[in-house]
Amino acid sequence: MSENNSPETPFEDSRQSLADLAKLKAEAPAPAAEPAAVAAPPAADAPTAPAPEPVALRPQILDKQGRAYATGRRKDAVARVWLKPGSGRIEVNGRDQAVYFARPTLRLVINQPFDVAERRGQYDVIATVTGGGLSGQAGAVKHGIAQALTRYEPALRTTVKQAGFLTRDSRAVERKKYGKAKARRSFQFSKR
């Protein structure tokens, strides 16, 4: 066969080498710089353009009632979480968080996404949790709240993600092995 640039082929190769690119840049005329003294400062009564707001990379995802929905998981627990603006009430399985999660450490866990995003007391949360124990359920609610918060306010995504709340905690109980008492524990050895 022949090379790509031969006249036999009907299509030309339009690719250029880096050397050609350097030549094109050298031949391009440089833009004329305006002297600083010529530029007049804007008049006091002239409207100034507002600073551009940071563009949210993801859209806001809400349901028909204006709530953000997300699913959170931890160990064997699965939490369905609905988040809407409110007074900061958190309801888990139809009960207040203080009743359902009696231990203060568990209540601290589920409020972590709000503390990191500085939104404590600004959203109401309704969650239903199944499976696992209380610790896993608190972790699942935390994961769900973090996901729902980023769906309601996409600008908070980087803050919540850097804190590590959007990542599903994959740690779970190791399975029991045959010939062992538990996952790694051996049966008691008797010498006699």
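What counts, and where the lines are drawn
Residues numbered from 1 in each chain as written. Predicted model: local features only at pLDDT ≥ 70, side-chain atom pairs only at ≥ 80, totals over all residues. Heavy atoms only, no water. Helix = DSSP H or I, 4+ residues; strand = E, 2+ residues; numbered from the N terminus. Buried < 20%, exposed > 50% of the residue type's maximum accessible area, 1.4 Å probe, protein only. Phe/Tyr/Trp six-rings, centres within 6.5 Å; stacked < 30°, edge-to-face > 60°. Pairing = 2+ DSSP bridges. Contact = heavy atoms within 4.5 Å. Axes fitted to C-alpha atoms, helices over the stretch in contact; angles between N-to-C directions.

**Considerations on unusual backbone geometry**
Trans is the prevailing form of peptide bonds, just as negative phi is the prevailing case for residues other than glycine.
Turning to step 1, where the next piece is worked out: Non-glycine residue Lys-75 carries a positive phi angle of around 50°.
Turning to step 2, where the next piece is worked out: By the element assignment, Lys-75 lies in the loop between β1 (68-74) and β2 (77-85).
Turning to step 3, where the next piece is worked out: Overall, the relative accessible area of 39% leaves Lys-75 in the partly exposed class.
Turning to step 4, where the next piece is worked out: Positive phi values are uncommon outside glycine, yet Glu-118 reaches one of about 55°.

**Observations regarding the packing of aromatic side chains**
Turning to step 1, where the next piece is worked out: Across all of its chains, the model carries four aromatic pairs by this definition.
Turning to step 2, where the next piece is worked out: An angle of 45° between the planes, with centres 5.1 Å apart, marks the rings of Tyr-69 and Trp-82 as tilted. Here Trp-82 lies in strand β2 and Tyr-69 lies in strand β1, a separation of 13 residues in the sequence.
Turning to step 3, where the next piece is worked out: Note on Tyr-69: relative accessible area 31%, which makes it partly exposed.
Turning to step 4, where the next piece is worked out: Relative to Tyr-123, the ring of Phe-114 has its centre 6.3 Å away and its plane inclined at 15°; by these criteria the two rings are stacked.
Turning to step 5, where the next piece is worked out: Accessibility expressed as a relative area gives 2% for Phe-114, which makes it buried.
Turning to step 6, where the next piece is worked out: Residue Tyr-123 is classed as buried on the basis of its relative accessible area, which comes to 6%.
Turning to step 7, where the next piece is worked out: One aromatic cluster is present, formed by Phe-114, Tyr-123 and Tyr-152 through successive ring pairs.

**A closer look at the pairing of β2**
Turning to step 1, where the next piece is worked out: Pairing between β1 and β2: seven bridges, direction antiparallel. When the bridges of β2 are listed, Tyr-69 appears paired with Trp-82.
Turning to step 2, where the next piece is worked out: In this structure, the hairpin formed by β1 and β2 is closed by a connection of two residues, where Lys-75 is found at a positive phi of approximately 50°.
Turning to step 3, where the next piece is worked out: Pairing geometry for β2 and strand β5 (residues 123-130), over eight bridges, is antiparallel. What sits directly across from Arg-80, in β5, is Thr-128.

**Remarks on the sheet that holds β2**
Turning to step 1, where the next piece is worked out: Sheet architecture is open: five strands sit in the order β1-β2-β5-β3-β4, paired in mixed fashion. Whereas interior strands pair on both sides, the edge strands pair on one side only; in this sheet they are β1 and β4 (95-96).
Turning to step 2, where the next piece is worked out: Contacts between helix α3 (residues 104-117) and the sheet are confined to β2, β3 (90-92) and β5, with β3 contributing the most and set at about 145° to the helix.

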